[in-house]
Amino acid sequence: MLITNPYATFTTAEGRDALANTLDSRFTVDVERTTHRGHAGELGATAVREGYDAVVVHGGDGSVNEVANGILGTPDMQTPDRGTLPALGVVPGGSANVFARALGVSRDPLVATAQLMELLDSGARRPISLGHTLNRWFLFNAGMGMDAIVVRRMEELRHKGKRATAGRYLRTTVGSFFRPSITPPTFTVEVPDHEPVDGVRFGFVSNTGPWTYLGTRPIRTNPGTDFEHGLGIFAATSVSVPRNIMLGSKLLRGVEPKAAHLYRNDDVDWVRFRSEAPADVQMDGDYLGEYASLDFGHRRHVLDVVAPALGS
């Protein structure tokens, strides 16, 4: 099954048709186009029921997240045997394409298609681990506080017809820290074998690295986190502009992020966020609303992907 999102930032009708025709030249392909929010997840569940070998998503991270959740069902259900589920492949079509790029898939759709066809031909499947919270799976990260505020503001701009470019994302991030009216509530972070971290102003939990990309530049908040290990936690107790400019400069330069106001751990089994007031929450770049508590878990090798092998 090929699932395409006609509303994704960097897809075109011509590109979607070319992808479908290219795949159809070698495989039996059913093409499905999403029409509404949540539709990609419904199609992922259909692919499981109807016994598809693979599901390929041409769209952004949000579409891929929906399909993965549709394939797996909710985390509170018994996890299906990977061998009974279709493998998940991605041809990037969004603005950031964090998940695909973290898997080693080219950001160029033509190159990514060639990679995909070679892997499908060989029958290669690669198991990856996923995180979960709010009874949903996440592929690469979820965040609370300032991180999610930036995602919310970006979605507001997109609804006004603005494209989600790397430059606009950077300007929105910087502007959010400088805007005095934006004051995310504080919360507490708990992880195994560590005293609770109080007074956190923004934090995110990663399932892999990089956390995101700024154009071609990877932003690695948790350099030791990947699809083979536990969750990464990055929690800052200050929204001070000078302190976070210093921290941000380290991230942009690829230097290991360390700061007095930062708690970071790259491999934990679970994370808890607790706040007295609801705070903004995002998952895989999609805004979810406001929550006062989040419990993050991790499940090893829960999903097969059609992606280059580790180190290739």
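Looking at an unreviewed UniProt entry, one finds the chain named DAGKc domain-containing protein, with Gordonia spumicola as its source organism. In its Cofactor (unreviewed entry) section, UniProt records this for the chain: "Mg(2+)".

## Brief notes about helix 2 (residues 39-49)
For helix 2, the set of buried residues is His39, Ala40, Gly41, Leu43, Gly44, Thr46 and Ala47. Within two residues after helix 2, glycine 51 carries a phi angle of roughly 75°, on the positive side.

## Focus on the packing of aromatic side chains
Under the defined criterion, the tally for this structure stands at seven aromatic pairs. Measuring from ring centre to ring centre gives 4.6 Å for phenylalanine 204 and tryptophan 211, while their planes differ by 15°; the resulting arrangement is stacked. Like phenylalanine 204, the residue tryptophan 211 is buried in the burial classification. The structure contains a cluster of three or more aromatic residues connected by ring pairs, namely Phe138, Phe187, Phe273 and Phe296. Here the basic side chain of arginine 101 rests over the ring of tyrosine 213, its NZ or CZ set 3.8 Å away from the ring centre. The ring centre of tryptophan 270 lies 4.2 Å from the NZ or CZ of arginine 272, which sits over that ring.

## Considerations on the pairing of strand 3 (residues 54-59)
With six of its six residues buried, strand 3 lies for the most part within the structure. For strand 3 and strand 4 (residues 87-92), the ladder comprises six bridges, and the chain directions are parallel. Counterpart to histidine 58 in the pairing with strand 4 is valine 91.

Definitions and limits used
Residues numbered from 1 in each chain as written. Predicted model: local features only at pLDDT ≥ 70, side-chain atom pairs only at ≥ 80, totals over all residues. Heavy atoms only, no water. UniProt positions renumbered as here; feature names shortened; annotations may be inferred. Buried < 20%, exposed > 50% of the residue type's maximum accessible area, 1.4 Å probe, protein only. Helix = DSSP H or I, 4+ residues; strand = E, 2+ residues; numbered from the N terminus. Phe/Tyr/Trp six-rings, centres within 6.5 Å; stacked < 30°, edge-to-face > 60°. Lys NZ or Arg CZ within 6 Å of the ring centre and 35° of its normal. Pairing = 2+ DSSP bridges.

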